[in-house]
Amino acid sequence: MREGIQIICQTYDQRLTVYGDFLRRHLFFYGENHMAKERKIGFIGAGNMASALIKGIIKSNRYIPEQILASDIRPKAIKNLQKAFGITPLSNRELVSESNTIVIAVKPQNITDLLNEIKDNVHDKHLIISIAAGIPLAKISSILGKNVPMIRVMPNTPALVQKGMSALAKGKAATDEDMAEAISIFMAVGETVEVEEKMMDAITAVSGSGPGYVFKMMECMVDAAEAIGLDSKKATKLVVQTFLGASCLAKESEHSLSRLREMVTSPGGTTASGLAVFNEGLCEMTNRAIKAAYQRSIELGKNT
Ligand SMILES: NC(=O)c1ccc[n+]([C@@H]2O[C@H](COP(=O)([O-])OP(=O)(O)OC[C@H]3O[C@@H](n4cnc5c(N)ncnc54)[C@H](OP(=O)(O)O)[C@@H]3O)[C@@H](O)[C@H]2O)c1
């Protein structure tokens, strides 16, 4: 955790300095800017996540707009992206034929139809990156009927403001260079961690659903602040900035989370009084919440 803590509130370039050894080793293999100069990346499904990723990779200079393609069944979604970022809109099949890297960003329930539509255009020189929650790479391979290099990714909603947490798992045919490319894309919208695919249900329960838990906790604190006299606007500002500040401190500090907590908890003081109430069951409740999300992720995976 300490290594990751150094980098949360930093820019893409600063994060590259920290994780750069791994990336540079692999990017150098092709030439430093191979991604920005030669490859084309295509996003199928131009919704929230694809928009966040496109914004991030343009901002970080990993790709220029001319190398970014996108397709969507909704003309409005694709028009918005074209207007905002100058990317090229295509049909799904055209996009597959023209891209080196294909990011599948449709909802899980649309993935079977999509894969059946594009499978004849997909070949083993493509790199497929799927962000569809709960869809195993084996399922994608079996529909495509071929062994294509693939990376499965579980991002989270803070990617929309370039503060995401994405876990990446490498498929059987994917190389270290494929993983380096995928990491560079998701580093443009936050932090990354590499995991085995079997850990994806755990990842979903922790960082995938995590923003929901944090928002719930924020809502509880805002309600409690209002109950002791603060107005809603000020209460929200106090709570949101407190979460942001505490998160940045946790990332940048050399101290553990427990030590940071102890540092704001004087014996007999106000924080100690508040924490005494949390100690009546917050950890146990959090444990149950994460286990419930984990079980649900496993169940949903069985039904896909
Ligand atoms: N949002 C998150 O926080 C988050 C986090 C982790 C993972 N994910 C995963 O990321 C993926 C995208 O999520 P999102 O929130 O960005 O979804 P979204 O905003 O609904 O975007 C998906 C887009 O794909 C379009 N689409 C559906 N079928 C298509 C097809 N056959 N060909 C081309 N486009 C098609 C959809 O159109 P219609 O609306 O008309 O169907 C929609 O415009 C999902 O698989 C989700 O599980 C999202």
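Residues numbered from 1 in each chain as written. Predicted model: local features only at pLDDT ≥ 70, side-chain atom pairs only at ≥ 80, totals over all residues.

Caption draft 1: Quick look at the overall build of the protein chain. Broken down by element type, the protein chain carries 15 helices and 8 strands. For the protein chain, the proportion of contacts with a sequence separation of at least 24, taken over those separated by at least 6, is 68%. (Helix = DSSP H or I, 4+ residues; strand = E, 2+ residues; numbered from the N terminus. Contact = placed C-beta atoms within 7 Å.)

Caption draft 2: Broad picture of the packing of helix α11 (residues 210-227) against helix α12 (residues 232-252). Contact geometry of α11 with α12 gives a least axis separation of 9 Å together with a crossing angle of 140°. Taken as axis vectors, α11 and α12 run oblique relative to one another. When the axes of α11 and α12 are compared, the crossing they make is right-handed. Two secondary-structure elements touch here, α11 through Val214, Met218, Met221, Val222, Ala225 and Glu226 and α12 through Ser232, Ala235, Thr236, Leu238, Val239, Val240 and Phe243. Taken together, the residues of the contact of α11 with α12 sort by class into 10 nonpolar, 2 polar and 1 charged. (Axes fitted to C-alpha atoms, helices over the stretch in contact; angles between N-to-C directions. Parallel < 35°, antiparallel > 145°, perpendicular 65-115°, else oblique. Left-handed = near helix turned anticlockwise from the far one by under 90°. Nonpolar A, V, L, I, M, F, W, Y, C, P; charged D, E, K, R; others polar.)

Caption draft 3: The site of the ligand, seen in detail. If you check the shell around the ligand, you find 28 residues, and the closest are Gly45, Gly47, Met49, Asn110 and Ala133. Looking at the shell around the ligand, the elements with two or more residues in it are α4 (48-59) and α7 (111-118). Residue contributions to the shell around the ligand peak at 3 residues, all from α4. Residues belonging to the shell around the ligand are distributed by class as follows: 15 nonpolar, 9 polar and 4 charged. (Near = placed C-beta within 6 Å.)

This is a description of form; function is not addressed.
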